[in-house]
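# Inside the fold
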Amino acid sequence: MLRSFRAIAAASAALLLATACNSASNSSGSSGDPGKGATVRGVTDDSIKVGGIVSMTTASGYSKKDTDLGAKARYDRANAEGGINGRKIDYIGAEDDGQDPGKNLAAARKLVQQEKVFAVSPMSSVTFSGADFLEQQKVPTFGWGTIPQFCSNPHIYGFNGCLVPMPGGTITQSWPEGLAHVLGGAKGKSVAILANDNDAGKFGIRTYQQGFAAAGFKVAYAKASVPATSTPNDWSAYTKEILRSNGGKAPDAVVSVMQTPYNIGLFTALKRSGFKGLLTDPTDYDPGLLAKKTTAQALDGVHVLLSFEPFESDSAQMQQFKEDIKKAAGKDVPLNMHMLTGYMSADFFLAIAEKAGKDLTVESFQKAASTYSDTGTMVGDRALPKGQKEAFGCGALVQLKNGKYEVSSPFKCYEPIPFK
C-alpha cells in the first residue's frame, strides 16, 4: 500500500511540476538547480527563508499547531544571537495540511514554487505526500521521523532519526525497554498493540511488534484496525479482542500507537471494562489535556513515550527551551510535545546550516549533513547519515498521576535492533 501511495504522490508531483515548468524556470531569484548557480532559492546575503508544514487542524480535532510555535522559538533565538553565519532566519510560519495528503502536497508546492523557501522545517503530520516533490526539488526538510519518508530520502531528516526504518535498518528500543523498566522486567509479561488502519499505523505495528518481542515481551495482539478518518463511537469490538488476547485473559499492558482522541476513547473503554494493567501511548504528553476533567480521567495512569528529555528535566538545554518558548509566546504557556518537536526540528536544521558555512547552497548543506554529529542534545546524540536509516535511540516514559506528569522511566539511550 505504501509503495502505491508513494507512486501516486510521485506521479502527481511530476504532473504538477510539468505544468509549472515554464513559470518556475523563468522565475527570478531561483536557478534551475537549487544547489548551484548565481542565486540559491531562499538564500540572500542576509537571510535564509524557511517554512513549515504542520497538521494544525484535523477531522478528529487533534492538532499539532504548537509545532509552529516551537520552531519559531528556536529561530527567534538563533536570530537574537546573530543568525547563521551572518544570515537571519526568515521563518514564514507553517502551512496547515489538515492531515490530508492532497493538502500536504499542495503545501509543499506552495512553499517551494511560490514562497521559494530554502528549507522546510518543521514538517509534522502523519501524512507526507509532499515528500517526493520536496526530494525532487532538493529541499532540506526536517521533522519528527515517525513515518517512512524520513528514512529513505537524502534531503529529508528526522530530528530524532528514522523511527520506522526499512528492512536493513534498525529499530529503537526506547519504548519496550522503558516499559520493561516500569514493569520490573519483560519476562513473563504480555502486550497488546493497537494502531490506526493507515500507512503510519501499519508501519507502527510492524515496528513495535518486533521491538517488544525482542525486549522479551509476549506480543499477544498486534493490529492496525482502527479507522483513521474518525474516532469510533463504540470501542467494544476492540476491547473484547484485547481483553481476551492473552490466552483468554487480558495482557499486562496495552500499547496504543494512536493520537489523543483515539487514546481517550480506547483507554476509557478499557477502564470501564475492568482492565487493571498498564496503558501507554506516544502522544499524550500535554498539560493542556488536563484542563478537561473527562480527558484527565481517561489519561490518568497512562505512561507516555517521549523521544526527548522530559520537561521535568533540570538540564541547561531544557531550561533554555522553556525560556525560548516563553519569549516566543509572549507569556507563560503550558508546554507540550509538539512545541519540542518543532523546536528540535529547527535546531537540527540550524546546526547543519551553521556547519555548511557562509557559502550556503543545497550542495554545501548536504555535504555538511553527510558527516554531521553532536552529543548531549535533548534527543540524545545525533549523527548522519545514521539518522536517515535508524533512530538516535533515546527516550523516556512519563506517567500522568493525579493531574501531573512524573518520570516513570528516565531518559536513556538504548541499543537498537535490526529491522526485518
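Numbers given for residues are sequential positions, taken from 1 along each chain in its written order. Thresholds applied to this predicted model are a pLDDT of at least 70 for local features of residues and 80 or more for the giving and counting of side-chain atom pairs; totals over whole chains, interfaces and linings are not thresholded and use all residues. Only hydrogens and water are set aside; all other atoms, that is, all heavy atoms of the structure, feed into the side-chain values.

Helices and strands together make up the secondary structure of the protein chain, namely 12 helices and 16 strands. Dimensions along the principal axes, computed over C-alpha positions, put the protein chain at roughly 70 × 45 × 40 Å. Exposure categories follow from relative accessible area, calculated using a 1.4 Å probe and restricted to protein chains: below 20% of the type maximum is buried, above 50% is exposed, and the middle band is partly exposed. When the 420 residues of the protein chain are sorted by exposure, 57% land in the buried category. Within the protein chain, residue pairs in contact and separated by at least 24 positions form 70% of the contacts whose partners lie at least 6 positions apart. Surface accessibility in these figures is a Shrake-Rupley result with a 1.4 Å probe; residues are shielded only by whichever protein chains are displayed. Carbon and sulfur atoms make up 51% of the accessible area of the protein chain, which totals about 16,900 Å². Asp and Glu are treated as the negative residues and Lys and Arg as the positive ones, with His and the ends of the chain left uncounted. Think of each charge as sitting on NZ of Lys, CZ of Arg, CG of Asp or CD of Glu. Counting 45 positive and 40 negative side-chain charges, the protein chain places the averaged centre of each group 5 Å from the other. Where helices and strands are cited, they refer to DSSP runs of H or I of at least four residues and of E of at least two residues respectively, numbered from the N terminus. It only takes one pair of heavy atoms within 4.5 Å for two residues to be counted as in contact.

Moving on, we come to the pattern of salt bridges. Salt bridge, as applied in this entry: a Lys or Arg side-chain nitrogen positioned within 4 Å of an Asp or Glu carboxyl oxygen. With the rule as written, the count across this model stands at 13 salt bridges. Where Arg 77 meets Asp 324, a salt bridge forms, and the shortest distance between an N and an O atom there is 2.6 Å. Of this pair, Arg 77 sits in helix 2 (residues 66–80) while Asp 324 sits in helix 10 (residues 316–329); the two residues are 247 residues apart in sequence, bridging distant segments of the chain. On the basis of relative accessible area, Arg 77 is assigned to the buried category, the value being 18%. Look at Asp 324 and you get buried, because its relative accessible area is 4%.

Where interface size is quoted, it is often the accessible area lost as the parts come together. Domain start and end points were adopted from an automatic or database domain assignment. The domain boundaries assigned to the protein chain delineate domain 1 (47–164 + 316–388) and domain 2 (173–306 + 394–418). Distance from the C-alpha centre of domain 1 to the C-alpha centre of domain 2: 27 Å. Two parts placed together each lose some accessible area under a 1.4 Å probe, and adding up what both lose gives the buried area. Sorting the residues of domain 1 by area buried against domain 2 places Ser 60, Tyr 62 and Met 337 first, and these three jointly supply 37% of that buried surface. Summed over the shared surface of domain 1 and domain 2, the result is zero salt bridges. Think of it as three bins: nonpolar holds Ala, Val, Leu, Ile, Met, Phe, Trp, Tyr, Cys and Pro, charged holds Asp, Glu, Lys and Arg, and polar takes everything else, Gly as well. Class assignment of the residues belonging to the side of domain 1 that touches domain 2 gives a composition of 13 nonpolar, four polar and one charged.

Its place among the elements puts Val 257 in strand 9 (residues 253–257). By relative accessible area, Val 257 is classed as buried at 18%. Note: C-alpha distance between Val 257 and Ser 125 (132 residues apart in sequence) is 14 Å. What Val 257 contacts, discounting residues up to four positions off in sequence, is Trp 175, Ile 193, Leu 194, Ala 195, Asn 196, Gly 204, Tyr 208 and Pro 282.

Moving on: the pairing of strand 9. The element strand 9 is extensively covered by neighbouring structure, given that five of its five residues are classed as buried. Here the rule is simple: two strands pair whenever DSSP picks up at least two bridges between them. Here strand 7 (residues 190–196) pairs with strand 9 via five bridges, running parallel. Paired with Leu 194 across the two strands is Ser 256, which belongs to strand 9. Strand direction decides the pairing type here: strand 9 and strand 10 (residues 278–281), joined by three bridges, are parallel.

Axis definition: a line fitted to C-alpha atoms, limited for helices to the stretch in contact. Angles are taken between N-to-C directions and run from 0 to 180 degrees. For the pair helix 5 (residues 174–183) and helix 6 (residues 199–214), interaxial distance at closest approach is 8 Å and the crossing angle is 40°. Between helix 5 and helix 6, the angle is such that the two are oblique. Regarding helix 5 and helix 6, the two cross each other, and that crossing is right-handed. Taking contact as the criterion, the partners of Trp 175, Pro 176 and Leu 179 in helix 5 are, on helix 6, Tyr 208, Gly 211 and Phe 212. Among the residues making up the contact of helix 5 with helix 6, the classes are represented as five nonpolar, one polar and no charged. For classification purposes, an angle smaller than 35 degrees is called roughly parallel, one larger than 145 roughly antiparallel, one from 65 to 115 roughly perpendicular, and anything else oblique. Should the near helix be turned counterclockwise from the far one by less than a right angle, the crossing is left-handed, whereas a clockwise turn marks it as right-handed.

Attention now goes to the packing of helix 2 against helix 10. Where helix 2 contacts helix 10, the two axes come as close as 8 Å, and the packing angle between them is 100°. By the angle class used here, helix 2 and helix 10 are roughly perpendicular. Residues Leu 69, Gly 70, Lys 72, Ala 73, Asp 76 and Arg 77 of helix 2 form the contact with helix 10, whose own contacting residues are Gln 320, Asp 324, Ile 325, Ala 328 and Ala 329.

Our next topic: the UniProt feature "domain: Leucine-binding protein" (unreviewed entry) in the protein chain. UniProt tags residues 47–403 as "domain: Leucine-binding protein" (unreviewed entry). With 37% helix and 22% strand, residues 47–403 has its two end C-alpha atoms placed 44 Å apart. UniProt positions are given in the numbering used here, feature names are shortened, and annotations may be inferred rather than shown by experiment.

Here we come to the side chain of Thr 260. When you line up the elements, Thr 260 lands in helix 8 (residues 260–272). Side-chain polar atoms of Thr 260 contact the side chain of Asp 284, separated by 2.4 Å. Excluding residues that lie within four positions of it along the chain, Thr 260 makes contacts with Tyr 62, Thr 283, Asp 284 and Leu 289. By the criterion applied in these results, polar contacts are pairs of N or O atoms within 3.5 Å in which, for protein atoms, one can donate a hydrogen and the other can accept it, and in which residues neighboring in sequence qualify only through two side-chain atoms.

Strand order across the open sheet formed by seven strands is 8-7-9-10-11-14-15, with mixed pairing between neighbours. Edge positions in the open sheet fall to strand 8 (218–226) and strand 15 (404–413), since each of these has one partner strand only. Strand-to-strand twist in this sheet, taken as the mean axis angle between neighbours without regard to direction, amounts to 20°. In this sheet, strand 8 lies alongside strand 7 in parallel orientation, the contact comprising seven bridges. The partner of Ala 192 across the bridge, within strand 8, is Tyr 221. Of the strands in this sheet, strand 7, strand 8, strand 9 and strand 10 touch helix 8, which is tilted by about 175° from strand 10.

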